[in-house]
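In case you want the letters, here they are:
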Amino acid sequence: MVATYRAALVGCSRMGAFIDNEVAGNASVALPYSHAAGYEACPRTDLVAGSDMRGEVLDRFGERYGVDVSHRYLDYRDLLANERPDILSIATQPEQRAQIILDAVAAGVRALYVEKPLCASIDEAYRIRDAIRAAGVALNMGTNRRWQPGFRTVRTIIASGAIGPLRSIVVYATGTLFNTTSHWFDITQYLCSDASPTWAQGWLPGSEHLVDGDVVTDEPNGSGAYGTSTGVTVHFLRTPRPNDIEVIGDYGAITAWGAGTSFTMRARPAEGGNWADAPYPDFPKTSSTLHLIEDLVEALDRGDTTTAGGIDVAVTNMELIFGFIESFRAGGRRLDLPPTSSTARFHRSGFQARTPRFAAPA
Ligand SMILES: NC(=O)c1ccc[n+]([C@@H]2O[C@H](COP(=O)([O-])OP(=O)(O)OC[C@H]3O[C@@H](n4cnc5c(N)ncnc54)[C@H](O)[C@@H]3O)[C@@H](O)[C@H]2O)c1
């Protein structure tokens with residue numbers, strides 16, 4: 001008989017449970033999108049419990065997903081002790097994530113689906129990596145585009161050689177560094193076959209005042225560039241273009257429009273000639289969240305920790321975020337990566353969680 005894995009959720013708010021009510025109809029998103037909706041849709045997982053510090057959010061989660069009040073927890077440590085989940089989702093804000101991950105690993109959780117970015121400092125990222133490696137836990141971070149079929153097709157086309165050797169990637173809209181640019185760092189890592197970043201040069205336009213000594217007091221805007229061990233340069237621009245990305249090789253380029261809503265390609269034959277529009281293959285519009293969960297289920301089935309994401313990818317994402325911050329702190333100097341000695345830390349003292357949209361759109 002095929003095993004069904006016990007899944008539980010810490011952080012039952014927007015990305016944890018209710019964001020489908022916000023993103024339904026968004027052309028770049030295929031539902032289910034929240035963690036809970038993903039477990040609900042996956043035949044190999046049972047969503048058995050949830051934890052949130054906000055009682056109303058917890059109860060609305062339980063009512064929506066059929067999780068009885070006896071399996072709802074205000075303190076996630078009680079959930080870990082009582083429920084012994086196979087898979088734990090952590091959809092809190094980044095400042096709370098490290099301790100919950102470390103407690104989950106200590107409690108014997110075998111797979112983690114954690115939101116991005118991984119945590120709030122480089123030191124935390126390395127402590128998480130050490131714990132996860134030592135315990136042999138599978139992990140995927142919620143940088144959804146890595147599991148979005150349109151972007152998977154881009155990587156397949158690059159690997160086929162159809163645009164020649166990859167040279168540059170341009171990200172045309174970055175958003176805030178932690179909660180949004182983490183997505184763009186990840187998809188560019190993915191499109192570079194996760195080649196190690198070797199340097200970064202960053203600046204924080206209009207957000208310079210948010211770096212107060214070692215503390216990043218709110219979400220900064222990030223711009224800059226990084227380079228990979230394979231010689232690709234990735235540029236992050238703040239422009240009004242809505243989440244477009246371009247990958248450029250010696251004789252072709254692919255543009256992902258609107259966070260992967262659609263894709264176009266231009267190329268020329270390797271032997272020479274003019275660049276011209278080229279056909280872009282069809283791809284299925286299926287749920288990235290569901291694919292991410294299936295990836296964890298497959299790792300559990302095999303009994304290993306190999307996934308399309310993984311802890312090393314999640315840590316590299318943190319190294320890029322803090323590479324940009326440390327480059328800014330060094331006067332905009334180009335820095336070698338990884339920024340192992342970074343002492344900066346993300347900490348928003350006045351952060352108020354939003355009330356999720358509990359009801360589906362009419
Ligand atoms: N993958 C995506 O496309 C996507 C989209 C939106 C948000 N996110 C990410 O998801 C994360 C959460 O975002 P959100 O907008 O849902 O956040 P939110 O602030 O609305 O919700 C976080 C929830 O976590 C709860 N929480 C905090 N500490 C807790 C603890 N110790 N125990 C139990 N519950 C705790 C809070 O009460 C809150 O309800 C962020 O990191 C964000 O970047 C990802």
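Residues numbered from 1 in each chain as written. Predicted model: local features only at pLDDT ≥ 70, side-chain atom pairs only at ≥ 80, totals over all residues. Heavy atoms only, no water.

## Describing the domain arrangement of the protein
Right, on to step 1. Domain assignment breaks the protein into domain 1 (5-144 + 289-309) and domain 2 (146-284 + 316-346).
Right, on to step 2. With 26 residues of domain 1 at the interface, the matching set in domain 2 holds 26 residues.
Right, on to step 3. Between domain 1 and domain 2, roughly 2100 Å² of surface is buried when both sides are summed, and carbon and sulfur atoms account for 58% of that area.
Right, on to step 4. Joining domain 1 to domain 2, the criterion identifies 1 salt bridge.
Right, on to step 5. Among the salt bridges present, the one from E124 reaches R345, with a minimum N-O distance of 3.1 Å. (Domains from an automatic or database assignment. Contact = heavy atoms within 4.5 Å. Buried area = accessible area lost by both parts, 1.4 Å probe. Salt bridge = Lys/Arg side-chain N within 4 Å of Asp/Glu carboxyl O.)

## Some details on the pairing of strand β7 (residues 166-171)
Right, on to step 1. For β7 and strand β13 (residues 245-249), the ladder comprises 5 bridges, and the chain directions are antiparallel. Within the sheet, the bridge partner assigned to V171 lies in β13 and is I245.
Right, on to step 2. Bridge analysis of β7 against strand β12 (residues 233-236) gives 4 bridges, and the strand direction is parallel. Each residue of the ladder has a partner; that of I169, found in β12, is V234. (Pairing = 2+ DSSP bridges. Helix = DSSP H or I, 4+ residues; strand = E, 2+ residues; numbered from the N terminus.)

## Focus on the packing of helix α5 (residues 76-83) against helix α6 (residues 94-106)
Axis angle and axis distance: for two packed helices, these are the angle between their axes and the distance between the axes, and together they describe the pair.
Right, on to step 1. Running from N to C, α5 and α6 point in directions that differ by 15 degrees, and their axes come no closer than 10 Å. When the axis of α5 is compared with that of α6, the two are roughly parallel. Crossing hand, α5 versus α6: right-handed. Contacts between α5 and α6 involve Y76, R77 and L80 from the first element and Q99, I100, D103 and A104 from the second.
Right, on to step 2. The residue makeup of the contact of α5 with α6, split by class, is 4 nonpolar, 1 polar and 2 charged. (Axes fitted to C-alpha atoms, helices over the stretch in contact; angles between N-to-C directions. Parallel < 35°, antiparallel > 145°, perpendicular 65-115°, else oblique. Left-handed = near helix turned anticlockwise from the far one by under 90°. Nonpolar A, V, L, I, M, F, W, Y, C, P; charged D, E, K, R; others polar.)

## Re the side chain of S28
Right, on to step 1. Mapped onto the elements of the fold, S28 is located in the loop between α2 (20-23) and α3 (35-41).
Right, on to step 2. The exposure class of S28 is buried, given its relative accessible area of 14%.
Right, on to step 3. Apart from residues no more than four positions distant in its own chain, S28 is found in contact with Q148, G258, A259, G260 and T261. (Buried < 20%, exposed > 50% of the residue type's maximum accessible area, 1.4 Å probe, protein only.)

## Structural notes on the sheet that holds strand β16 (residues 276-278)
Two strands in a sheet stick together by hydrogen bonds in their backbones, pointing the same way (parallel) or opposite ways (antiparallel).
Right, on to step 1. With mixed pairing, 9 strands are arranged side by side in an open sheet as β16-β15-β14-β13-β7-β12-β11-β8-β17. Across the chains shown, the open sheet's two edge strands, defined by having one partner strand only, are β16 and β17 (335-336).
Right, on to step 2. By the bridge criterion, 4 bridges tie strand β11 (residues 223-228) to β12 in an arrangement that is antiparallel. Counterpart to G227 in the pairing with β12 is T233.
Right, on to step 3. The strands that helix α11 (residues 311-329) touches are β8 (197-203), β11, β12 and β17; relative to β8, the one it contacts most, it runs at about 45 degrees.

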